[in-house]
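What the coordinates show
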Amino acid sequence: MAPVLQTRNLTKRFGGFAACSDVSLSVEQGARHALIGPNGAGKTTLINLLTGFLEPSAGEVLLKGETVTRLGQHQRVKRGLVRTFQINQLFAEMTVLESVTLSVCERLGLGWSWWKPVGSHGAAVDEAAELLDTLRLLDVAHEKTRNLAYGKQRLIEIALALASKPQVLLLDEPAAGVPTGESRELFETIGRLPRDVTILLIEHDMNLVFRFAERITVMVGGAMLTEDVPEAIANDRRVKEVYLGEALDG
Amino acid sequence: MAKISIDLSPLQKASAWKPAEVVFWLLPVIAFFLFPKSLALLSQIAITALFALSLDLILGYAGIISLGHAAFFGLGAYAAGLLAKYGWGDPLLGLAGAAVLATAAGFISSFLVLRGSDLTRLMVTLGVSMMLYEAANKATDFTGGVDGLQGVEMKPLLGEFTFDLYGKTAYWYSLIVLFLMFWLARRLVQSPFGHSLRGIKQNVKRMPAIGTPVHGRLVAVYTIGAGYAGVAGALLTQTTQFVSLDVMSFSRSAELLLILVLGGTGSLYGALIGTAVFMAAQHYLSGINPQYWQFWLGAALVLIVLFARDGIMGFLNRLPALAAKKRGD
């Protein structure tokens, strides 16, 4: 199958420090692909480069075979490349339904529409409500985001991304800070996403990664160490060293 | 498709006119009959309220801070004045001309203002308005400089209503323009466009990640806000038939910011209520003590920022919760 998301020699330097060096990653259509590595391995930098949050020092990002390296974040979102954030980026003063409707409206190209009230755009509101239903957020639809528990807010983080109808979804530690029981549930929700959504996941919890991912890329010190199926990664001596080393240091 | 099991009406009906709003808009009508001798002051309130509304759109909804919003007010005021002086005395034509000029100026300057942080924005807006002020000061042939622009002669409104000595026409004219512009602004802030502005204010980092061209939205609202300010400036010129240099002054911009903080940002009504309270207070306090009335203004400002950050509107919005709490005790 053709890769839907690719990087070619992607590099990001901050002064003399290479946060991401020469990364050539390839994510297949429909993949459940995980990106792992110790802290400071450059995973979030890579996500920021993929989405256009940062500009690369060198290299290319290709989406469905076309280069998107020079496109702004919102233009990449329009082409189906959507992310979530490691630290929640939500709209504190909006209700859950308002937030998700906002995202749906942008996708439907209603963002410039200024005459009709949001609530009269029935299709957008209905779609937002359906999305909340699938994420089991419907009971808090009219609650303000800032009044919700962290676990719920984490789901809104994902709901906002899903409202953009991603073809490629980049999840940056979706379960970060979520209690264990709830993170299972969160991953079941993510696991139920249809196969036409390609998922690239950053996650620290190895149990979750090995349960979810079908392909794993390991990054160390800003560079790709290896990439393989989970069984092979689990038995890879270098990967073990990286993680054991970290475990022993820590 | 599964039917959704919740009531969507809180969002669907959010845009309906509430009884309190209807009552609110009856007040200026009642004021006309109650204070027939104060129509000049009431017109000033309506005009300043429109000006405050324009700042609320850019600051209250989109979070763009400005200390130079009087630049657009002044451009509108001079545009209307010059049009009238040189033979285009029809009020509505003057409003349109002022709106076009201020909107264009807003669009062009938006690219300067929208760079950088809040502090940059404060300085750029301040700088632009200072330059315009001095330009108007220098171009005496054109603007009259410190003496003001004389010879502004307005034709009757709609060819029918002359601007009378008591200020009746001026009041209704200002009030109706304010209401129509408010109505448009109300639609705007409740639309998907308006919600995207709130989104930008609440979390500017997230907006590009849901597909929003943030810069474009900010340019749009800054441009609209400038146009609104221009219309307010034109109204002042047309109802007073004079343009003084202080339409562009720093103190006018600063006072506007104060009015908006007093009333509460991001609700439209806060801008209107803030203006009414501020100008009424200014009127009475300066009557009691013409030299030192700003003392009380300063005191009120400090108290508001310390104890009621979201202004009068914020306090009013909290009232039901406070009342419920009291009943609960």
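Residues numbered from 1 in each chain as written. Chains lettered and ligands numbered in written order. Predicted model: local features only at pLDDT ≥ 70, side-chain atom pairs only at ≥ 80, totals over all residues. Heavy atoms only, no water.

1. Here's the deal with the overall build of chain B
Within chain B, the regular secondary structure consists of 14 helices and 0 strands. Each helix and strand of chain B, placed in order from N terminus to C terminus, yields the pattern α-α-α-α-α-α-α-α-α-α-α-α-α-α. The C-alpha radius of gyration computed for chain B amounts to 21 Å, which stays within 12% of the reference 20 Å derived for 329 residues, consistent with globular compactness. Seen along its three principal axes, the alpha-carbon backbone of chain B occupies a region of about 70 × 45 × 45 Å. Relative to its full complement of 329 residues, chain B shows a buried share of 50%. (Helix = DSSP H or I, 4+ residues; strand = E, 2+ residues; numbered from the N terminus. Rg over C-alpha atoms; globule rule 2.2 N^0.38 Å. Buried < 20%, exposed > 50% of the residue type's maximum accessible area, 1.4 Å probe, protein only.)

2. Here we look at the overall build of chain A
When helices and strands are counted, chain A shows 9 helices and 11 strands. The C-alpha radius of gyration of chain A comes to 19 Å, within 12% of the 18 Å expected for a compact globule of 250 residues. Expressed as lengths along the three principal axes of its C-alpha atoms, the size of chain A is roughly 55 × 40 × 35 Å. The 250 residues of chain A split such that 54% are buried. Sequence separation of at least 24 residues holds for 65% of the intrachain contacts in chain A that already meet a minimum separation of 6. (Contact = heavy atoms within 4.5 Å.)

3. A few points about the interface of chain B and chain A
With 36 residues of chain B in contact, the opposing surface of chain A contributes 44 residues. Contact with chain A buries surface across chain B, with Leu11(B), Pro192(B) and Arg206(B) losing the most and accounting together for 20% of the total. Inspection of the chain B/chain A interface yields 3 salt bridges. Note that Arg217(B) is salt-bridged to Glu106(A), the shortest N-O span being 2.6 Å. One can count 14 residue pairs in polar contact (both at pLDDT 80 or more) joining chain B with chain A. Counting only elements with at least two residues in the side of chain B that touches chain A, the list comes to α1 (9–12), α8 (168–190), α9 (192–202) and α10 (214–240) of chain B. Per-class residue counts for the side of chain B that touches chain A are 17 nonpolar, 13 polar and 6 charged. (Buried area = accessible area lost by both parts, 1.4 Å probe. Salt bridge = Lys/Arg side-chain N within 4 Å of Asp/Glu carboxyl O. Polar contact = N/O pair within 3.5 Å; in protein donor to acceptor, adjacent residues only side chain to side chain. Nonpolar A, V, L, I, M, F, W, Y, C, P; charged D, E, K, R; others polar.)

4. Quick look at the side chain of Asp56(B)
Residues and elements named next belong to chain B. Inspection of the secondary structure assignment puts Asp56 in helix α3 (residues 39–61). No salt bridge forms around the buried Asp56; measuring N to O, its nearest opposite-charge neighbour Lys201 is 7.0 Å away. One polar contact links the side chain of Asp56 to the main-chain amide nitrogen of Leu268, over a distance of 2.9 Å. Apart from the residues lying within four places of it in its own chain, the contact partners of Asp56 are Tyr61, Leu260, Thr265, Gly266, Ser267, Leu268 and Ala271. (Lys, Arg positive; Asp, Glu negative; His and termini not counted.)

5. Some points on unusual backbone geometry
All names here are of chain A. Of note, Asn9 is a non-glycine position whose phi angle comes to about 50°, a positive value. Topologically, Asn9 is positioned in strand β1 (residues 3–14). Positioned with a positive phi, Glu173 is a non-glycine residue whose angle comes to about 45°. Judged by its relative accessible area of 9%, Glu173 is buried.

6. A few points about the packing of helix α2 (residues 19–34) of chain B against helix α12 (residues 269–288) of chain B
Residues and elements named next belong to chain B. Two elements in contact, α2 and α12, have axes whose closest approach is 13 Å; the angle formed by their N-to-C orientations is 35°. The interaxial crossing formed by α2 with α12 has left-handed handedness. Contacts between α2 and α12 involve Glu21, Phe24 and Trp25 from the first element and Tyr269, Leu272 and Ile273 from the second. Taken together, the residues of the contact of α2 with α12 break down into 5 nonpolar, no polar and 1 charged. (Axes fitted to C-alpha atoms, helices over the stretch in contact; angles between N-to-C directions. Left-handed = near helix turned anticlockwise from the far one by under 90°.)

7. What to know about helix α4 (residues 70–85) of chain B
Residue and element names in this part refer to chain B. An ideal rise of 1.5 Å per residue puts 22 Å on 16 residues; α4 measures up with 22 Å between its terminal C-alpha atoms. Most of α4 sits inside the fold, with 14 of its 16 residues counted as buried. Backbone geometry just after α4 places Gly87 at a positive phi near 100°. (Expected span 1.5 Å × (residues − 1).)

8. Looking at the packing of aromatic side chains
Centre distance and the angle of the planes are the two values used to describe a pair of aromatic rings. Residues and elements named next belong to chain B. Tallied over the entire structure, the rule returns 20 aromatic pairs over all chains. Relative to Trp296, the ring of Phe295 has its centre 5.1 Å away and its plane inclined at 85°; by these criteria the two rings are edge-to-face. Across the pair, Trp296 and Phe295 agree in class, each one exposed. Taken together through their ring pairs, the aromatic side chains of Trp17, Phe24, Trp25, Phe179, Phe182 and Tyr269 make up a single cluster. In this structure, Arg186 is placed above the aromatic ring of Trp17, and the distance from its NZ or CZ to the ring centre is 4.0 Å. (Phe/Tyr/Trp six-rings, centres within 6.5 Å; stacked < 30°, edge-to-face > 60°. Lys NZ or Arg CZ within 6 Å of the ring centre and 35° of its normal.)

9. Points about the nonpolar core
One recurring pattern in soluble globular proteins: nonpolar side chains tend to sit buried together. Counting 152 residues, the largest nonpolar core has Leu97(A), Val100(A), Ile190(A), Ile199(A), Leu50(B) and Ile64(B) as its most contacted members. No other element matches the 15 residues that α3(B) contributes to this core. When residues no more than four places from it in sequence are discounted, the contact partners of Ile190(A) are Ile158(A), Leu171(A), Pro174(A), Ile199(A) and Phe212(A). Ranked by size, the runner-up nonpolar core spans 23 residues in total, among them Val23(A), Ala31(A), Leu46(A) and Val68(A). (Core = buried A, V, L, I, M, F, W, Y, C linked by side-chain atoms within 4.5 Å.)

10. A word on the sheet that holds strand β9 (residues 198–202) of chain A
All names here are of chain A. Taken together, 6 strands build an open sheet; the order of strands is β7-β8-β9-β4-β10-β11 and the sheet is mixed. Edge positions in the sheet fall to β7 (81–83) and β11 (223–228), since each has one partner strand and no second. Averaged over all pairs of adjacent strands, the angle between their axes in this sheet comes to 20°, without regard to strand direction. When strand β4 (residues 32–36) meets β9, the two strands line up parallel, connected through 4 bridges. Paired with His33 across the bridge in β9 is Leu200. (Pairing = 2+ DSSP bridges.)

11. What about the side chain of Thr275(B)?
Looking at the element boundaries, Thr275(B) is found in helix α12. Among residues more than four places away in sequence, those in contact with Thr275(B) are Ile45(B), Thr48(B), Ala49(B), Ala52(B) and Ile259(B).

12. Observations concerning the environment of Ser129(B)
Residues and elements named next belong to chain B. Along the chain, Ser129 falls in helix α6 (residues 118–138). Residue Ser129 is classed as buried on the basis of its relative accessible area of 2%. Sequence separation of Ser129 and His69 is 60 residues, and the distance between their C-alpha atoms is 7.3 Å. Residues within four places of Ser129 in sequence aside, it is in contact with Leu67, Gly68, Ala71 and Met248.

13. Considering the packing of helix α3 (residues 96–107) of chain A against helix α5 (residues 150–162) of chain A
All names here are of chain A. Contact pair α3 / α5: the axes reach a minimum separation of 8 Å and the direction vectors enclose 25°. Put simply, α3 runs roughly parallel to α5. Taken as a pair, α3 and α5 cross one another with a handedness that is right-handed. Contact with α3, carried on its side by Val96, Ser99, Val100 and Ser103, involves Ile156, Ala159 and Leu160 of α5 and no other residues of that element. Of the residues belonging to the contact of α3 with α5, the class tally is 5 nonpolar, 2 polar and no charged. (Parallel < 35°, antiparallel > 145°, perpendicular 65-115°, else oblique.)

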